[in-house]
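Fold and contact review
The residues making up each chain are set out below.
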Amino acid sequence: MFDVIAFDADDTLWHNEPHYRDMQQKVSAMLAQYHEPAWVTQRLYETEIRNLEHYGYGTKGFTLSLIETAIELTEGRISGGEIAQIIALTKAMLCAPIELLDGVRETIEQLADQHELMVITKGDLFDQEAKLARSGLGDYFRHIEIVPDKTAAIYAAITKRHRLDPQRFLMVGNSLKSDVLPVLALGGHAVYIPYQTTWAHEQVPEAELADKHFHELAHIGALPAWLNEWKKACQ
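What this report covers is the structure whose coordinates are included nearby.

Here we take up helix H8 (residues 176–186). In terms of residue burial, H8 counts as a mostly covered element, since 8 of its 11 residues are buried. For H8, the complete set of buried residues consists of Leu176, Ser178, Asp179, Val180, Leu181, Pro182, Val183 and Leu184. With a side-chain oxygen lying 3.4 Å from the backbone nitrogen of Lys177, the N-terminal cap of H8 falls on Ser175. Positive backbone phi, at 95°, marks Gly187, one or two positions downstream of H8.

Phi at Asp11 takes a positive value of approximately 65°, unusual for a residue other than glycine. Examined against the element boundaries, Asp11 turns out to sit in the loop between strand S1 (4–7) and helix H1 (17–30). Relative accessible area serves as the criterion here: at 8%, Asp11 is assigned to the buried category.

Another point: the environment of Ala96. Among the structural elements, Ala96 can be located in the loop between helix H4 (80–94) and helix H5 (104–112). Of the residues examined, Ala96 reaches a relative accessible area of 14% and is grouped as buried. Among all residues touching Ala96, those that are not within four sequence positions of it are His19 and Arg134.

In terms of strand pairing, strand S4 (residues 169–173) meets strand S5 (residues 189–192) through 4 bridges, oriented parallel. For Gly173, the partnering residue across the bridge sits in S5 and is Tyr192.

All buried positions along helix H6 (residues 125–135) are accounted for by Asp127, Gln128, Lys131, Leu132 and Ser135. Taken end-on, H6 shows its buried residues confined to a sector of 130°, consistent with a single buried face. Opposite its buried face, H6 presents the exposed residues Phe126 and Ala133, each directed more than 90 degrees away. Phi turns positive one or two residues past the end of H6, at Gly136, with a value near 80°.

Within the open sheet, the 6 strands sit side by side as S3-S2-S1-S4-S5-S6. Their pairing is parallel. Of all strands in the sheet, those with a lone pairing partner are strand S3 (143–147) and strand S6 (215–216), marking the two edges. Note: S1 against strand S2 (residues 117–122), 3 bridges, orientation parallel. Paired with Ile5 across the two strands is Leu117, which belongs to S2. Lying over the sheet, H8 contacts S2, S4 and S5, oriented at roughly 155° with respect to S5.

Reading the values: the criteria
Residues numbered from 1 in each chain as written. Predicted model: local features only at pLDDT ≥ 70, side-chain atom pairs only at ≥ 80, totals over all residues. Heavy atoms only, no water. Buried < 20%, exposed > 50% of the residue type's maximum accessible area, 1.4 Å probe, protein only. Helix = DSSP H or I, 4+ residues; strand = E, 2+ residues; numbered from the N terminus. Polar contact = N/O pair within 3.5 Å; in protein donor to acceptor, adjacent residues only side chain to side chain. Contact = heavy atoms within 4.5 Å. Pairing = 2+ DSSP bridges. Arc of directions from axis to C-beta. Axes fitted to C-alpha atoms, helices over the stretch in contact; angles between N-to-C directions.

This is the structure:
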């Protein structure tokens, strides 16, 4: 069996990507007099990826990329009042109530009685800590890891720090790129639970998955039963 079961947070435990999509649509509407929404979306994505090395992941970096894109696409004509609107949208997003995915609370409560649980999430430290606190799930997790990115090297550092055997480590998440492939590269196990929408940067070409062995579940509520089947197979 597994010594630790780790969970991604955003779009695995609670809804997150829809907040970004909503904010992006509002800013696209603001810039509609200058460009088509599809072009704004494309330029924003390019700016986000370019800025990851400077700002990392999270709401604040996203906002800075939004403002930069707005300035570029309007050739500097965007007003201070419009930038203030973007900042106000950010503050609302940072304080938004946490909406858990269906079955998350029941599943985490059940598993916490039998397993050592961990959260591994990437993004802004303050933002992710605040979301976990608002979620009401924090007490169920023995360890919280908020990291700048999710790579095989970072997972290796986490398992080493907690003295974990990667072969007895399970990661559960909605991103093939961040939650599955790096863990498999480390020699660990992964359960993939797709979310309703995926940021383009987290998508993985089908060809890269051909020889990868991981487990896919339709929803998190199926995880306890899957773990029981895994236990039987191990015995």
